[in-house]
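Topology and contacts: notes
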Amino acid sequence: MTAVCHRAPWLVTCVEGESTPLADGALVVENGRIVAVGSFADCRNLAATVIDHDGCVLTPALVNAHAHLELSYLAELGQGEPSGGDMPGWIYELLTRRETMTSNAEGITASAGDALATMSAGGCGLVGDIGNDPASCGIGDGSGVEVLFFLELLGLSRVGEERAFSFLASLPDQVLATPHGPYSVTPRLLQAAKERARQLGQRVSIHLAESEDETKFLADGSGGFPDFFKKRGVWDGNFTPPGCSPVAYLDRLGVLDPETLCVHCVQVSDDDIALLARCRAGVCLCPGSNRFLGVGKAPVEKMLAAGIFPALGTDSLASNPFLSIWREMHILMEDHPGLDPAMVFAMASRGGAQGLGMDADYGALAMGKKAAIIAVDYEGSGKDLFEFLVSVGKDATVTWL
Ligand SMILES: [Zn+2]
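Residues numbered from 1 in each chain as written. Predicted model: local features only at pLDDT ≥ 70, side-chain atom pairs only at ≥ 80, totals over all residues. Heavy atoms only, no water.

Brief notes about helix H7 (residues 212-220)
Because an α-helix completes one turn every 3.6 residues, residues spaced three or four positions apart along the sequence face the same direction. Every buried residue of H7 is accounted for by Asp 213, Glu 214, Phe 217 and Leu 218. Seen from one end, H7 has its buried residues packed into an arc of 125°, which puts them on one side. Against the buried residues of H7 lie helix H3 (87-101), strand E10 (204-208), helix H8 (225-232) and helix H9 (246-252). Once H7 finishes, Gly 221 follows within two positions and takes phi at roughly 80°, a positive value. (Buried < 20%, exposed > 50% of the residue type's maximum accessible area, 1.4 Å probe, protein only. Helix = DSSP H or I, 4+ residues; strand = E, 2+ residues; numbered from the N terminus. Arc of directions from axis to C-beta. Contact = heavy atoms within 4.5 Å.)

Written as structure tokens, this is what we have:
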């Protein structure tokens, strides 16, 4: 395929250390990969064809590091009344709806397809997706969005654990399996899932330190989860609370490492943050979902100060009315106005790619990466470029190159 040079008044590369937009920039794409990035003057002679993106800023495709496409058919839940911090109550409602509505497999697939189409139209090129049905492994096929699919494991009772172990044993090696969270699987299952991933060179993506109820449950078995488990009929008293924080618990189990993506990390102490940083564990923030569920705000300034560079995720339509990383950036800035907008935009691209272990292909405009590039209408916004990018929200006008 012949090389094409794309020129724009501004380029935001999201390469680490490059936080200044490149004026009158260009990049050259050949065979689906970026082969050059720089000033237009440097790139113009590298390709016979030049395409101008007037009034636009070119950026890497956004990365949604945590979603549940399978739950898209439960969007009504995420458009309803926020749950006011009652995490067990929200999960109960979600599971109840799921059980009464799962017969409509076609509807589930169609909703997930619609969600992917919306994501793609918004400039999202890569999604870290959690699902419960092995049939969802190919959920992103043909959508134009690359989906890194994780099959979720649950099992806190002896029976649940046994079922999860048999399920795990039945999975082909290429399927990524991940524990749901420290309060919904046994320690044995959590470690086994991580060990399998380690042997297969795969990541795990685990919900961690999302709600106060989770913290209480792991500390001493209190909070809303025991009643929730009893109501669901999955409580057999098999699980003994470890008596520590969710982050410390994962560390004790030997699960925290750079290939573990810890999703949410809202309820984290300074010690927890230091631990996450020391283990170089990945962190994915979901500010929109956290706001909807009323579980608090992740201390992102402290994370950045500790050297953690988080990814951003939306979580599902059941806890977030939109699966838009543009909107997540906007909410994150609203919650933490002191953050550097350039840093936040890099979280939405490079942060996500690194969190999913896909940064060889995604997350920056740099030589060798996939040509997953978007042009965003910027002219006439009257705002500083990065201020604009983190505040434009879900209605950003995006064109794929
Ligand atoms: Zn989630």
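Once the structure has been displayed, the description carries forward.
Describing the coordination of the zinc ion
Protein-derived ligands of the zinc ion are His 66 (NE2), His 68 (NE2), His 207 (NE2) and Asp 315 (OD), with the metal-ligand distances lying across 2.1 to 2.3 Å. Of note is the zinc ion, whose four donor atoms meet at the metal with angles of 86 to 164° in an arrangement that counts as irregular. One chain supplies every donor to the zinc ion, and in sequence these donors are spaced H-x1-H-x138-H-x107-D. Among the residues examined, His 66 registers a relative accessible area of 1% and is labelled buried. (Donors = N, O, S within 2.8 Å, 3.2 Å for Na, K, Ca; no water. Tetrahedral: all angles 85-135°; square planar, octahedral: opposite > 155°, others 65-115°.)

A closer look at a negative patch on the surface
A cluster of acidic residues, Asp 52, Asp 54, Asp 377 and Glu 379, forms a negative patch on the protein surface. Among the structural elements, Asp 54 can be located in the loop between strand E4 (49-52) and strand E5 (56-60). For Asp 54, a relative accessible area of 64% gives the class exposed. (Patch = residues over 30% accessible without salt bridge, like charges linked within 9 Å, V, L, I, M, F, W, Y side chains within 5 Å. Areas by Shrake-Rupley, 256 points an atom, 1.4 Å probe, with all protein chains shown as cover. Salt bridge = Lys/Arg side-chain N within 4 Å of Asp/Glu carboxyl O. Lys, Arg positive; Asp, Glu negative; His and termini not counted. Charge placed at Lys NZ, Arg CZ, Asp CG, Glu CD.)

Here we look at unusual backbone geometry
Excluding glycine, residues mostly have negative phi values, and the peptide bonds linking residues are mostly trans. Of note, Cys 14 is a non-glycine position whose phi angle comes to about 60°, a positive value. Structurally, Cys 14 can be placed in the loop between strand E1 (4-11) and strand E2 (22-30). For Cys 14, a relative accessible area of 5% puts it in the buried group. For Cys 265, which is not a glycine, the phi torsion comes out positive at approximately 50°. Its location among the elements puts Cys 265 in the loop between strand E11 (260-264) and helix H10 (270-279).

As for the environment of Ala 48
Along the polypeptide, Ala 48 turns up in the loop between helix H1 (40-43) and E4. Overall, the relative accessible area of 83% leaves Ala 48 in the exposed class. Distance in space between the C-alpha atoms of Ala 48 and Thr 2 is 8.0 Å, their sequence separation being 46 residues.

Some points on the sheet that holds strand E12 (residues 282-285)
Pairing between sheet strands relies on hydrogen bonds along the backbone, with the strands arranged either parallel or antiparallel. Read from one edge of the open sheet, four strands run E10-E11-E12-E13, paired in parallel fashion. With one partner strand each, in any of the chains shown, E10 and strand E13 (311-312) form the two edges of the open sheet. Alignment of E12 against E13, held across two bridges, turns out to be parallel. Looking at the pairing, Cys 284 lines up with Ala 311 of E13. (Pairing = 2+ DSSP bridges.)

Quick notes on the domain arrangement of the chain
Its domain assignment divides the chain into domain 1 (4-61 + 365-400) and domain 2 (62-355). Here the C-alpha centre of domain 2 lies 31 Å away from the C-alpha centre of domain 1. At the interface, 22 residues of domain 1 touch 23 residues of domain 2. Summed over the three residues of domain 1 that lose the most area to domain 2, namely Cys 14, Val 390 and Lys 394, the buried surface amounts to 34% of that side. Where domain 1 packs against domain 2, one counts two salt bridges. A salt bridge links Lys 370 to Glu 146; its shortest N-O distance comes to 3.0 Å. Across the contact surface, domain 1 and domain 2 share four residue pairs in polar contact (both at pLDDT 80 or more). Listed by contribution, the elements that provide at least two residues to the side of domain 1 that touches domain 2 are E5, strand E14 (373-377), helix H15 (385-391) and strand E15 (398-400). Sort the elements by how many residues they give to the side of domain 1 that touches domain 2 and H15 lands first, with five residues. When grouped by side-chain class, the residues that make up the side of domain 1 that touches domain 2 number 14 nonpolar, four polar and four charged. (Domains from an automatic or database assignment. Buried area = accessible area lost by both parts, 1.4 Å probe. Polar contact = N/O pair within 3.5 Å; in protein donor to acceptor, adjacent residues only side chain to side chain. Nonpolar A, V, L, I, M, F, W, Y, C, P; charged D, E, K, R; others polar.)

Brief notes about the packing of H7 against H8
At a minimum axis separation of 9 Å, H7 and H8 run at an interaxial angle of 90°. The orientation of H7 with respect to H8, classified from their angle, is roughly perpendicular. Of the residues in H8, those touching H7 at Asp 213, Glu 214 and Phe 217 are Phe 225, Pro 226 and Phe 229. Here the contact of H7 with H8 is built from residues that sort into four nonpolar, no polar and two charged. (Axes fitted to C-alpha atoms, helices over the stretch in contact; angles between N-to-C directions. Parallel < 35°, antiparallel > 145°, perpendicular 65-115°, else oblique.)

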